[in-house]
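Letter by letter, the chains look like this.
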Amino acid sequence: MSPSSMRGAAAVVGVADLHYKRGRAPDGEHRLALEAVLEACRDAGISPRELDGFVSYAGGDLSGPVLGADLGIRELHWSTMVWGGGGGGAAAAVTTAATAIAAGQAECVVAFRSMAQRDTGRLGYAEYFYDNHYLAHGVGAPAQVCALRTQRMLEHEGVPASAQRALVLAAYHHAQNNPTAAGHGRPLDEEGYAAARMIVEPFRLFDCSRESDGAVALVLVSAERARELCPDPAYVIGGAQGAPGGYSSLTENDTAYATAGFGERPDCRGVAGRLWDATGLKPDDIDVVQVYENFSGPAVASLIDHGLCPPGPAAGEVLVFENLIAQGGRLPVNTGGGNIADSFVNGMGLAVEAVRQVRGTSVNQVAGAGTSLFIGGPMAPLVGSVVFGREEVL
């Protein structure tokens, strides 16, 4: 298929990533969101009154009419929530914002997410599962849900557990250069990883994402406006979101149970396949990856789904520490520390790091990075991915 007509039509020109230890933010989600939006606008060099579109995901009531009134915008053109999948909607929110601009429905859109324990508690609480079938079967935390699929990936598909460890160690390695990362100043080696307590097999403590308070925002405008605003915009090369038919309703009976939900099936192209169609790129064209690690296992499955590494035992030959770091790695991953070693605001901080790599401002900059992939929350009812790139990629 030919690349999408929205390829490069919009670009990110401003970003903000505010995060605090969970429960320690000075404000609630509403004010945090406003602060992040204002900071992203400052980074873009625009007035917040120029915003005419708002996109978020994973629920909540911080809609365009609410934030638009707070910011005193001139007119609201676009207000969208990506439903389903929690963090699976993170990349989809960016793609939705770009779509609004490409379609002429809005001119200046912010994609954002805000989280604070004082407002929404913690995602690890068992009450998170009260409204579905999990809790009745003794599954009361996200770690348990993702552990089921990850254990199948290890045992049935033959992916070695060393792949998970390598991803975690790379994240902590990158965090040592990131002064705002939770893992900064706390290096991790193989011995420390193996000695950590088991949370739920096969996840040890360091395989698990953090939870943070905070807010993240990305401001998008048209490609033409982006060239006027800054010398280094991150163009949206393309994105895709969705799920195979029946995936949402048959979550624990899915035929491709050990995947992250992005892969191709006999009857559908899959999110990853549609992403490559939309961008006109191939996995080998990607210079750096930010992959949502709610847990290390789903992140490994995501890389396999996108064709960035082979499935089965061969995954362990590619997913080794030396390959995953920014300093000379063939597949640099989570260069700011990721959800595991930096912060977790429902994964949106990974989008900011993906943009920084294109702009050349990452604390672990990949030399010559022209394409940057952000993979949203895996093993969720809805998933999504988006590719950013420099102008020469267009």
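Residues numbered from 1 in each chain as written. Predicted model: local features only at pLDDT ≥ 70, side-chain atom pairs only at ≥ 80, totals over all residues. Heavy atoms only, no water.

If you check an unreviewed UniProt entry, the protein chain appears there as Lipid-transfer protein from Actinomadura vinacea.

(A) Representation of the pattern of salt bridges within the structure. One pass over the structure, following the stated rule, counts 13 salt bridges. The salt bridge involving Asp27 is made with Arg31; its shortest N-O contact spans 3.6 Å. In this structure, Glu392 and Arg390 form a salt bridge, with 3.1 Å as the shortest nitrogen-oxygen distance. Look at Glu392 and you get exposed, because its relative accessible area is 60%. Overall, Arg390 belongs to the partly exposed group, its relative accessible area being 29%. (Salt bridge = Lys/Arg side-chain N within 4 Å of Asp/Glu carboxyl O. Buried < 20%, exposed > 50% of the residue type's maximum accessible area, 1.4 Å probe, protein only.)

(B) How the structure looks around the packing of aromatic side chains. Inspection of the entire model under this criterion finds three aromatic pairs. The interplanar angle of 90° and the centroid separation of 5.6 Å between the aromatic rings of Tyr172 and Phe206 together place this pair among those described as edge-to-face. Here Phe206 lies in the loop between β6 (203-204) and β7 (212-222) and Tyr172 lies in helix α6 (residues 162-175), a separation of 34 residues in the sequence. A relative accessible area of 22% means that Phe206 is categorised as partly exposed. A centroid spacing of 5.8 Å and a plane angle of 85° characterise the contact between Tyr292 and Phe344, whose relative ring orientation is edge-to-face. With Tyr292 in the loop between β9 (288-291) and α10 (296-305) and Phe344 in the loop between α13 (338-341) and α14 (348-359), the pair connects residues that are 52 residues apart, well separated along the chain. Under the relative-accessibility criterion, Phe344 is labelled buried at 5%. (Phe/Tyr/Trp six-rings, centres within 6.5 Å; stacked < 30°, edge-to-face > 60°. Helix = DSSP H or I, 4+ residues; strand = E, 2+ residues; numbered from the N terminus.)

(C) Local environment of the sheet that holds strand β4 (residues 108-115). Sheet architecture is open: nine strands sit in the order β3-β2-β4-β7-β1-β8-β11-β10-β9, paired in mixed fashion. Single-partner strands in this sheet number two, and they are β3 (78-82) and β9. Neighbour to neighbour, the strand axes of the sheet diverge by 20° on average, direction disregarded. Strand direction decides the pairing type here: β4 and β7, joined by eight bridges, are antiparallel. For Arg113, the partnering residue across the bridge sits in β7 and is Val216. Each of β1 (10-21), β2 (53-57), β3, β4, β7, β8 (234-242), β10 (371-375) and β11 (383-389) is contacted by helix α3 (residues 90-102), which is oriented at about 60° to β11, the strand it contacts most. (Pairing = 2+ DSSP bridges. Axes fitted to C-alpha atoms, helices over the stretch in contact; angles between N-to-C directions. Contact = heavy atoms within 4.5 Å.)

(D) How the structure looks around the nonpolar core. Core analysis: the largest hydrophobic core is formed by 88 residues, its most contacted members being Leu51, Val219, Val289, Leu303, Leu319 and Leu373. Other than its neighbours up to four places away in sequence, Leu303 contacts Leu167, Val289, Val291, Leu308, Cys309, Leu319 and Ile375. Core analysis: the second largest hydrophobic core is formed by 39 residues, Leu220, Val355, Val358 and Phe388 among them. (Core = buried A, V, L, I, M, F, W, Y, C linked by side-chain atoms within 4.5 Å.)

(E) How the structure looks around helix α5 (residues 142-155). Taking 1.5 Å as the rise per residue, α5 with 14 residues should run 20 Å; its terminal C-alpha atoms sit 20 Å apart, in good agreement. Most pronounced at Leu148, the bend in α5 amounts to some 25°. Listing the buried residues of α5 in full gives Ala143, Val145, Cys146, Ala147, Arg149, Thr150, Gln151, Met153 and Leu154. (Expected span 1.5 Å × (residues − 1). Bend = angle between axes of the 7 residues up to and from the residue.)

(F) A negative patch on the surface, seen in detail. A cluster of acidic residues, Asp189, Glu190, Glu191 and Glu322, forms a negative patch on the protein surface. Examined against the element boundaries, Glu322 turns out to sit in helix α12 (residues 321-324). (Patch = residues over 30% accessible without salt bridge, like charges linked within 9 Å, V, L, I, M, F, W, Y side chains within 5 Å. Areas by Shrake-Rupley, 256 points an atom, 1.4 Å probe, with all protein chains shown as cover. Lys, Arg positive; Asp, Glu negative; His and termini not counted. Charge placed at Lys NZ, Arg CZ, Asp CG, Glu CD.)

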